[in-house]
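The chain contents come next:
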Amino acid sequence: MIVAKTFTGTHINNLALTYPLTYFLTNGRRGMQNILIGCKKLLKEWFSPVYSSPFVNSGYRADIDGLRAIAILAVIFFHAFPEHITGGFVGVDVFFIISGYLITGIIYRDLIKNSFSFSDFYARRIRRIFPALLFLLVIITIITLPFLTFGERIQLGKQIKWASFFSENIYIVKQGAGYFALKTELMPLMHLWSLGVEEQYYIIYPLLCFIIWKINKNWILPSLLFFSVASFFSSVLLFDYFPNGTFFLLHSRFWELCLGGMLAIFHQKGFNDIPILDSKKHQEFFSFMGLTFILLGIFLFNNRMEYPGVLTLLPTLGTCLIIASPKATINRYLSIKSFVFIGLISYTWYLWHWPFLALVRSLNKGELPSFEFRLLLIFISLLFALFSYFYIEFPIRKKKLNFVLITSLCVLMGITGMLGSLAPRTSFIFPESYQKFVNFEKNKKNSFRNNACDEIPLQNVRYCWKSGDSPAEWAIIGDSHAKQLATGLGKLTSAPIIILGNPGDPPLLGVKNPRTFKLETSEEIPSSNIIHWIAKSPSIKFVILSARWERFSSQFRYSFDNKPVRSGHLNIFEKQLVKTIQLLKNSGKEVFVLLDNPHLPFDIEDCFSLRPIETNKPSTCSFPASEGNETVDLYNKVVTKVTSQLNVPLINPSSVFCEDGVCKAEMNGRLLYEDRDHLSDFGASEVAKKIIEDINNTRKEETLLPLKPSPSEE
């Protein structure tokens, strides 16, 4: 039995916090009396009088583990209850400061003693991180496998591969979804992005410090200050152009780790002996302000703010103020055993808290379960974290560093990553589910392919499709909701059509989606170039504007005339739509505008039994017309208003999907959708029929979009 009743000096003697738990488990079996004694002992131990935090330069600091407790609780309760703890994601920033402080303290101390060893540093990091992570990856794979579709299984395999090589944050950026996007929230290993940032930091940072130290040991603090400032401004300035990368990648988080590092060096140099910093009175104030800053971030920040950025200074500086105030009363309360224990298991609890939430949301059509069920999931994750800590992480951390241990852990991590990459070859596992998935993928496919990019004298055009060899008479401009029409129109009409556009870029003059052209410094606006080129094209007589119009909203980051749009989205949208239509009409083009198709309030996969074990009955694939489409309707109203004012024909495809207030995702056993808002080939063909019918009805004397003859007529 591991027993330790007190903190001894500045260290934990063995593991003080295991005593009440062990007492309860060993004595509770002897009867109700001993159970009550165990509970009393538990409460006495966990809420015993606070222990004084040691001075910052004297070794272990219990208050920092208490600070970890605040960080992990903020993150867990934000993920479980985002409607209440709206800014709990700042807990990750607290972790970054703590990591920078502790790691720099270790490196700087060894550099001063001339005893720093790369092999020793990396071996300790591997021993600390790998065991619990390996256990998580293996167990989560086993638990989730029966509940995942084959597509989700492939995605989990990719996440395991990237996580095994410290790059989960890079993988998420490659997926193109933000931290708060539903696509990201359904990834069972999404939370490992922060571990990826820290692991990349561990690889680069010691080498950086070592080189600077060898050049001039007095440069290390100014260098960290320089890196902090450069990284901070990159996070602020690049947010509008690269928001996902700014959130997830090391370059924009490095300043937080360096901030903690600078604080560690200040303490190592004895700057805390300065009277104003050493005064208990001042430390009380600093610690109180620090905790206030962190709590303001936890409860007032939300997913609509630009983050990370200037606002990140609040929780990061707050964390620094608390760490810099070891004598403060708040720090003494952070040192009580209950807080410290949560801090000690914070790494394993962080690993385990998210996968269960993500899995349940995937099984629940993307929705969070009930309040009570979320509490149950937190408790289950805590049980796994405790098991992982006491039987995986802690025993291995006690082992002496040696070549065999570190090599074994590295080999196991590499094997785990390689096994993750084999996920697409696991069709033999649950073969019936796999076959259903294959049939489903064929049914929902949209087979758009570019075929005219070489014919277009324009730069930065991602979608460029053309039907036939004749010069185009029709042009469709827009985003992915425009390009999805190619397959349907290509099959149904013989009119020469060209489709031009870019992902997420509405066909509006002056508007650019920096997410599509994130790192380009050019002031060129692709949508404007396309519109002007079409206006000048002598062969093009008719233009259709089509897009996911509602995407130009406050939830997304666009630029107008190369200036970020931060407010007034609806007014800018209406103004630029009017200008775009007027320009095309003044150029002699006849303009049509296509409203957006309804969006599904559920994943199309939910209509079918694609999982080996189904926890919900498949959806009927229908939904109320108003459900999940409030923003779509708002922007559709603006489009309707503008087209009415400018006397431009408006095509509304909703009748293809909806009748009597109810919309459907399939028709005659065939899928209309590829995902929540994009259409399948079949759905695109049905909308194309509606477009052809409505446009041809605008003319009695001629057919603008002639139909191709059916095979029987040829």
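Reading guide: rules and limits
Per chain, residues are indexed from 1 in the order of the written sequence. With pLDDT at 70 or above as the cut-off, local features in this predicted model cover only qualifying residues; side-chain atom pairs require 80 or more to be listed or tallied, and sums for whole chains, interfaces and linings still use all residues. Hydrogens and water are ignored here; the side-chain numbers use all heavy atoms of the structure. A run of H or I in DSSP counts as a helix once it spans at least four residues, and a run of E counts as a strand once it spans at least two, with each numbered from the N terminus. Exposed residues in this analysis have more than 50% of their type's maximum accessible area, buried residues have under 20%, and partly exposed residues fall in between, with area computed by a 1.4 Å probe over protein chains only. Note on contacts: a residue pair is in contact if any heavy atoms of the two residues lie within 4.5 Å. Accessibility throughout is a Shrake-Rupley quantity obtained with a 1.4 Å probe, and a residue counts as covered only by protein chains that appear here. Salt bridge, as used here: a side-chain nitrogen of Lys or Arg that lies within 4 Å of a carboxyl oxygen of Asp or Glu. Here the aromatic set is Phe, Tyr and Trp, taking the six-membered ring for Trp, and pairing holds for ring centres within 6.5 Å; pairs whose planes are under 30 degrees apart are stacked, those over 60 apart are edge-to-face, and all others are tilted. For a lysine, the NZ atom is tested; for an arginine, the CZ atom; a charge sits over a ring if that atom is within 6 Å of the ring centre and within 35 degrees of the ring normal. Computed over the protein atoms alone on a 1 Å grid, cavities are sets of points where a 1.4 Å probe fits but cannot get out and pockets are open sets with protein on both sides within 12 Å along at least five of seven lines; a residue lines them when it has an atom within 4 Å of a point. Grid points are joined across faces, edges and corners, and a volume is the space filled by probe spheres set on the points. For this classification, the nonpolar set comprises Ala, Val, Leu, Ile, Met, Phe, Trp, Tyr, Cys and Pro, the charged set comprises Asp, Glu, Lys and Arg, and every other residue, Gly included, is treated as polar. Whenever a helix is involved, its axis is fitted only over the stretch in contact; in every case the axis is a line through C-alpha atoms, and angles between N-to-C directions fall within 0 to 180 degrees. In what follows, roughly perpendicular refers to angles from 65 to 115 degrees, roughly parallel to angles under 35, roughly antiparallel to angles over 145, and oblique to any angle outside these ranges. Helix crossings fall into two classes, left-handed where the near helix is turned counterclockwise from the far one by less than a right angle and right-handed where it is turned clockwise. One requirement defines pairing of two strands: DSSP has to find at least two bridges between them. pLDDT: the predictor's confidence for each residue, scored from 0 to 100. Nine residue types can take part in a nonpolar core, namely buried Ala, Val, Leu, Ile, Met, Phe, Trp, Tyr and Cys, and a core is a set of them joined through side-chain atoms within 4.5 Å. Expected span, for any helix, means 1.5 Å times one less than how many residues it has. Bend is the name given here to the angle between axes fitted to two runs of seven residues, the run ending at a residue and the run starting at it.

A. Fine view of the overall build of the chain. Secondary structure summary: the chain contains 28 helices and 16 strands in total. In the chain, which comprises 714 residues, the share counted as buried stands at 55%. A separation threshold of at least 6 residues defines the contact pool for the chain, and within that pool the share at least 24 residues apart is 76%. If you sum the accessible surface of the chain, you get close to 31,400 Å²; carbon and sulfur atoms cover 60% of it.

B. Examining the pattern of salt bridges more closely. In this structure the tally under the stated criterion is 17 salt bridges. For Glu-185, the salt bridge is made with Arg-361, and the minimal N-O distance between the two is 3.0 Å. Of the two residues, Glu-185 sits in helix H8 (residues 182–185) while Arg-361 sits in helix H18 (residues 346–363), which places them 176 residues apart along the sequence. Neither Glu-185 nor Arg-361 differs from the other in exposure class; each is buried.

C. Molecular detail of the environment of Cys-607. Checked against the element boundaries, Cys-607 lands in the loop between strand S10 (590–594) and strand S11 (622–624). Here the alpha-carbon distance between Cys-607 and Ala-665, two residues 58 residues apart in the chain, equals 8.6 Å.

D. Representation of the packing of aromatic side chains in the model. Taken as a whole and judged by the stated rule, the model has 49 aromatic pairs. Seen from their ring centres, Tyr-201 and Tyr-202 are 5.8 Å apart, and the 55° between their planes marks the pair as tilted. Pair check on accessibility: Tyr-201 and Tyr-202 agree, each one buried. Of the aromatic side chains, those joined through ring pairs into one cluster are Phe-78, Phe-89, Phe-96, Tyr-179, Phe-180, Trp-193, Phe-247, Phe-248, Phe-301 and Tyr-307. Cation over ring: Arg-125 sits above Tyr-202, and NZ or CZ is 5.3 Å from the ring centre. Positioned over the ring face of Phe-247 is Arg-253, at 4.7 Å from the centre of the ring.

E. Broad picture of empty space enclosed by the protein. In the structure shown here, the tally under the stated rule is four cavities of 30 Å³ or more. One number sums up the size of the second largest cavity: a volume of about 50 Å³. Surrounding the second largest cavity, His-481, Gln-484, Leu-485, Ser-546, Ala-547, Leu-594, Leu-595, Asp-596, Asn-597, Pro-653, Leu-679 and Val-687 form its lining. A breakdown of the residues in the lining of the second largest cavity according to their chemical character gives seven nonpolar, four polar and one charged.

F. Local environment of the environment of Glu-306. Here Glu-306 lies in the loop between helix H14 (280–300) and helix H15 (313–323). The spacing of Glu-306 and Phe-247 is 59 residues in sequence and 9.5 Å in space, taken between C-alpha atoms.

G. Geometry of the packing of helix H9 (residues 193–215) against helix H10 (residues 220–237). Interhelical geometry of H9 versus H10 gives an angle of 135° and a closest axis separation of 9 Å. Accordingly, the angle class assigned to the pair H9 and H10 is oblique. Where H9 crosses over H10, the handedness of that crossing is right-handed. Facing Tyr-205, Leu-208, Cys-209 and Ile-212 of H9, the residues of H10 in contact are Ile-220, Ser-223, Leu-224 and Phe-227.

H. Focus on the sheet that holds S11. Taken in spatial order, the three strands make up an open sheet running S11-S14-S13, and their pairing is antiparallel. Only two strands of the sheet have a single partner each, and these edge strands are S11 and strand S13 (658–659). Where S13 meets strand S14 (residues 662–664), two bridges bridge the pair, whose relative direction is antiparallel. Bridge assignment links Glu-659 to a residue of S14, and that residue is Val-662.

I. Up close: unusual backbone geometry. Residue Pro-308 is reached from Tyr-307 by a cis peptide bond, and omega for that bond is 0°. Its location among the elements puts Pro-308 in the loop between H14 and H15. In this model, Asn-647 sits at a positive phi of 55°, which is unusual for a non-glycine residue. Among the structural elements, Asn-647 can be located in the loop between helix H26 (630–645) and strand S12 (650–651).

J. Structural view of the confidence of the model for the chain. Here the chain averages 85 in pLDDT, while 84% of its residues score no lower than 70. Below a pLDDT of 50 lies the segment residues 1–28, which in the model reaches 63 contacts outside its immediate sequence neighbourhood of four places, other chains included. Counting contacts from residues 52–58, a segment whose pLDDT is below 50, to residues more than four positions away or on other chains yields 21 contacts.

K. Spatial organisation of the side chain of Asp-65. Topologically, Asp-65 is positioned in helix H3 (residues 62–80). With sequence-adjacent residues up to four places away left out, Asp-65 is seen in contact with Tyr-60, Phe-339, Val-340, Gly-343 and Leu-344.

L. Summary view of the nonpolar core. If you look at the biggest cluster of nonpolar residues, it comprises 119 residues, and the most contacted ones within it are Leu-133, Leu-192, Trp-193 and Leu-351. Each residue touching Leu-133, except ones within four places of it in the same chain, is listed here: Ala-163, Leu-192, Leu-195, Glu-199, Tyr-347, Leu-351 and Met-413. Residues Ile-651, Phe-657, Cys-658 and Ala-665 belong to the second largest nonpolar core, which totals 41 residues.

M. Representation of helix H19 (residues 371–398) within the structure. Given a rise of 1.5 Å per residue, 28 residues ought to cover 40 Å, and the 39 Å separating the end C-alpha atoms of H19 matches this to within 8%. Taking the largest bend as the criterion, H19 deviates by roughly 45°, centred on Tyr-389.

N. Representation of helix H6 (residues 150–164) within the structure. With 15 residues, H6 extends 21 Å between its outermost C-alpha atoms, agreeing within 8% with the 21 Å of an ideal straight helix rising 1.5 Å per residue. When H6 is considered as a whole, its buried residues turn out to be Phe-150, Arg-153, Leu-156, Gly-157, Gln-159, Ile-160, Ala-163 and Ser-164. Phe-166, located one to two residues past H6, shows a positive phi value of around 60°.

O. Fine view of the pairing of strand S3 (residues 463–466). The alternating pattern of S3 places Tyr-463 and Trp-465 and Cys-464 and Lys-466 on opposite faces, both of which are buried. Direction of pairing for S3 relative to strand S5 (residues 497–501): antiparallel, over a ladder of four bridges. Each residue of the ladder has a partner; that of Trp-465, found in S5, is Ile-499.

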